[in-house]
Amino acid sequence: MKEPLHLFKIGGAVLENYEELEEALGFFGNLPGRKVLVHGGGRRASQMSRQLGIEPKMYEGRRITDSASLEVVVMVYAGLENKKVVSMLQALNCNAIGLSGADGNVLLAEKRPVKEVDYGYVGDVKKVNTQSLHTLLEAGLTPALCAITHDGQGQLLNTNADTIAAELAIALTEQYQVNLYYCFEKPGVMTDIDDADSVIRYLDPELYAAYREQGIIAEGMIPKLDNAFRALKAGVASIHVGGRKALALGKATQLMWTTDFPE
Ligand code: ADP
């Protein structure tokens, strides 16, 4: 039987609220055994960009990463946010080591080809170097990855953190029994985002398609769930989506393949 591994992704809004972040990291820090953390950080990057006089450019909610924006996202994700998360984990006695995808060649990506929209320095993950992660895990360290990748030719790239979490989970499945958590600011995937009691406990592809069609599941939740279902299909053992409290209490949304949900 494969050894269990917990892979925890923290969303942008959680990262910005110190108390929420502390609680989310507290939950993560207490998970037993091997673990890996991935974090985003989009909102802070936009804020920093404006402070530096660089107006962030977005297209349909996605960042256009020109060379000036790339410098900002690398500073914010791989610097500020990554080191904040690592130091908070250290305070929780979790021996974290902060990484970008270039460190240990953990995430090799290629620049997205230009189609109708040129997203700039955005990378699609090509290869996960699980050996580097395994070496760190074996040494008792907890890798904490930010959403920066590289192309192997000296170019850093900006990559969606939800996609990185899915790619890591899929690659690590060969060696570990991977439990993937998408932690964000709401308790779970909900039928009414203003009603905390409306968390969908179990979600399968059919239900997902129906809620999406009705506009109940929308915006950032769509790429998140597309990534998550892709990971589930590829053999990731369990996937939960929700807030830190709901995750800790087992009340977040769990993705399933079957409609035969437990009671
Ligand atoms: P992250 O914080 O991980 O970066 P996103 O902001 O990309 O995540 O996506 C999460 C957002 O998705 C939530 O803040 C919420 O506004 C939105 N959302 C859309 N539909 C739903 C839904 N049915 N349940 C929960 N959140 C939803």
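Residues numbered from 1 in each chain as written. Predicted model: local features only at pLDDT ≥ 70, side-chain atom pairs only at ≥ 80, totals over all residues. Heavy atoms only, no water.

A. Quick look at the sheet that holds strand β8 (residues 142–146). In space, the eight strands of this open sheet follow the order β5-β8-β2-β1-β11-β13-β14-β12, with mixed pairing throughout. Looking at strand neighbours, the two that pair on one side only are β5 (96–99) and β12 (202–203), the edges of this open sheet. Pairing geometry for strand β11 (residues 176–183) and strand β13 (residues 238–242), over five bridges, is parallel. The residue bridging Tyr181 from the neighbouring strand is His240, located in β13. (Pairing = 2+ DSSP bridges. Helix = DSSP H or I, 4+ residues; strand = E, 2+ residues; numbered from the N terminus.)

B. The nonpolar core, seen in detail. Leu7, Leu145, Leu168, Leu180, Leu203, Leu225 and Ile239 are the most contacted members of the largest nonpolar core, which has 52 residues in total. Here this core takes seven residues from helix α6 (residues 161–172), the largest share from any one element. Counting residues in hydrophobic clusters, the runner-up holds 23 residues, among them Ile10, Phe27, Leu37 and Cys183. (Core = buried A, V, L, I, M, F, W, Y, C linked by side-chain atoms within 4.5 Å. Buried < 20%, exposed > 50% of the residue type's maximum accessible area, 1.4 Å probe, protein only.)

C. Structural detail: the site of the ligand. Around the ligand, the surrounding shell holds 17 residues, and the nearest of these are Lys9, Glu185, Met190, Ile216 and Lys224. In the environment of the ligand, a nitrogen atom lies 3.2 Å from a nitrogen or oxygen atom belonging to the backbone of Ala218. Side-chain polar atom of Lys224 to an oxygen atom of the ligand: 2.6 Å apart, as the coordinates give it. If the ligand stood free it would expose 570 Å²; the protein chains cover 85% of that surface. (Near = heavy atom within 4 Å. Polar contact = N/O pair within 3.5 Å; in protein donor to acceptor, adjacent residues only side chain to side chain. Areas by Shrake-Rupley, 256 points an atom, 1.4 Å probe, with all protein chains shown as cover.)

D. Representation of the side chain of Ser132 in the model. With respect to the helices, strands and loops of the structure, Ser132 is situated in helix α5 (residues 130–138). Excluding its chain neighbours within four sequence positions, the residues that come into contact with Ser132 are Gly104 and Val106. (Contact = heavy atoms within 4.5 Å.)

E. The arrangement of the packing of aromatic side chains in detail. Under the counting rule described, the total for this entry stands at seven aromatic pairs. Pairing Phe8 with Phe27 gives two aromatic rings, centres 5.7 Å apart and planes at 55 degrees, and the pair type is tilted. Placement of the pair is Phe8 in strand β1 (residues 3–10) and Phe27 in helix α2 (residues 18–30), with a sequence separation of 19 residues. For Phe8, a relative accessible area of 0% corresponds to the buried category. Between Phe27 and Tyr181, the aromatic rings sit 6.1 Å apart at their centres with planes inclined by 85 degrees, giving edge-to-face as the arrangement. Taken as a pair, Phe27 in helix α2 and Tyr181 in strand β11 lie far apart in primary sequence, 154 residues in all. By relative accessible area, Tyr181 is classed as buried at 10%. A network of ring pairs unites the aromatic residues Phe8, Phe27, Phe28 and Tyr181 as a single cluster. (Phe/Tyr/Trp six-rings, centres within 6.5 Å; stacked < 30°, edge-to-face > 60°.)

F. Just the environment of Lys126, in detail. On the secondary structure map, Lys126 appears in strand β7 (residues 123–128). Separated by 99 residues in the primary sequence, Lys126 and Phe27 have C-alpha atoms spaced 31 Å apart. Discounting residues that sit within four places of it in the chain, Lys126 has contacts with Leu108, Ala109 and Glu110.

G. Examining α5 more closely. Within the span of α5, buried status applies to Ser132, Leu133, His134, Leu136 and Leu137. With a side-chain oxygen positioned 3.2 Å from the backbone nitrogen of Gln131, the residue opening α5 is Asn129. Trailing α5 by a residue or two, Gly140 shows a phi angle of about 85 degrees, which is positive.

H. Structural view of the side chain of Thr159. As for its position among the elements, Thr159 is in the loop between β10 (156–158) and α6. A polar contact of 2.9 Å, which involves the side chain of Thr159, links it to the backbone oxygen of Gly123.

I. Quick look at the pairing of β8. Taking burial as the measure, the five residues of β8 include five buried ones, the bulk of the element. Two elements, strand β2 (residues 34–39) and β8, share three bridges in a ladder whose sense is parallel. Counted as the bridge partner of Val38 is Leu145 from β8. Alignment of β5 against β8, held across four bridges, turns out to be parallel.

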